[in-house]
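These are the residues of each chain, in order.
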Amino acid sequence: MKYLHDWKPGVNFDDFVDVGDYVNWEIIDHFYSRRIIVKYNGSYLQIGPGHGFIDGRDTFFTFSKDPFTGNWVYYGRCHLGEKYHRGYA
């Protein structure tokens, strides 16, 4: 589990967390309250602005709740509405 208080200033989020890591609700709240919400439905969150074009489409930091544990999972930089990490532009 990754916690907001462990994310040090000056460290890119991609360097702090790996795809598939659980993140606590404070990280979700951090992005939800400080970034552009691209897509949100209570258990799925994509935030902008976009983080690079892959295959001609923008990618967004993507989080989704694990249906079994209720914990948030970081899915990486995904296209709109997806949970598939597209890599780094």
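Scroll up to find the structure.
Read on for an overview of the structure. Positions within a chain are numbered from 1, following the residues in the order the chain's sequence is written. Local features are withheld for residues below a pLDDT of 70 in this predicted model, meaning they are given only at 70 or higher, and side-chain atom pairs are given and counted only at 80 or more; totals for whole chains, interfaces and linings count all residues. Side-chain numbers here rest on the full set of heavy atoms in the structure, without hydrogens or water.

A closer look at the packing of aromatic side chains
Piece 1. Stacked, tilted and edge-to-face are the three classes applied to pairs of Phe, Tyr and Trp rings, where Trp contributes its six-membered ring and a pair requires centres within 6.5 Å; stacked means planes under 30 degrees apart, edge-to-face means over 60, and tilted covers the rest. In this structure the tally under the stated criterion is 13 aromatic pairs.
Piece 2. Taken together, a centroid distance of 5.9 Å and an interplanar angle of 35° make the contact between Trp-7 and Phe-31 tilted. Of this pair, Trp-7 sits in the segment before α1 (13-16) while Phe-31 sits in helix α2 (residues 25-34), and the two are 24 residues apart along the sequence. Like Phe-31, Trp-7 is buried.
Piece 3. Between the aromatic rings of Phe-13 and Phe-61, the centroid separation amounts to 5.4 Å while the plane-to-plane angle is 55°, which identifies the pairing as tilted. Pair noted here: Phe-13 is in helix α1 and Phe-61 is in strand β6 (residues 60-65), with a separation of 48 residues, a long-range link.
Piece 4. Chaining the aromatic ring pairs together yields one cluster made of Trp-7, Phe-13, Phe-16, Phe-31, Phe-61, Phe-63 and Tyr-74. Secondary structure follows DSSP: runs of H or I at least 4 residues long count as helices, runs of E at least 2 residues long count as strands, and numbering of each begins at the N terminus. A 1.4 Å probe rolled over the protein chains alone gives each residue an accessible area, and that area as a share of the maximum for its type sets the label: buried under 20%, exposed over 50%, partly exposed in between.

Structural notes on the pairing of strand β3 (residues 44-48)
Piece 1. In terms of burial, β3 is largely enclosed, as 5 of its 5 residues are buried.
Piece 2. In short, DSSP must find at least two bridges between two strands for them to pair. Hairpin remark: strand β2 (residues 36-40) followed by β3, antiparallel, with 3 residues in the connecting loop; positive phi at Gly-42, about 100°.
Piece 3. Relative to β6, β3 runs antiparallel, the two sharing 4 bridges. Note on β6: the bridge partner recorded for Tyr-44 is Ser-64.

Quick word on the pattern of salt bridges
Opposite charge on two side chains lets them pair, provided their charged atoms get close.
Piece 1. A pairing counts as a salt bridge when a side-chain nitrogen of Lys or Arg comes within 4 Å of a carboxyl oxygen of Asp or Glu. As enumerated under the stated definition, the model contains 3 salt bridges in all.
Piece 2. Asp-14 is the salt-bridge partner of Arg-77, the closest N and O atoms lying 2.3 Å from each other. Taken together, the residues Arg-77 in strand β7 (residues 72-78) and Asp-14 in helix α1 connect sequence positions 63 residues apart.

With respect to unusual backbone geometry
Piece 1. Cis geometry is found at the peptide bond from Gly-48 to Pro-49, where omega equals 5°.
Piece 2. Mapping Pro-49 onto the fold places it in the loop between β3 and β4 (53-54).
Piece 3. Phi at Asp-55 is positive, roughly 55°, even though this residue is not glycine.
Piece 4. Within the fold, Asp-55 resides in the loop between β4 and β5 (57-58).
Piece 5. Accessibility expressed as a relative area gives 63% for Asp-55, which makes it exposed.

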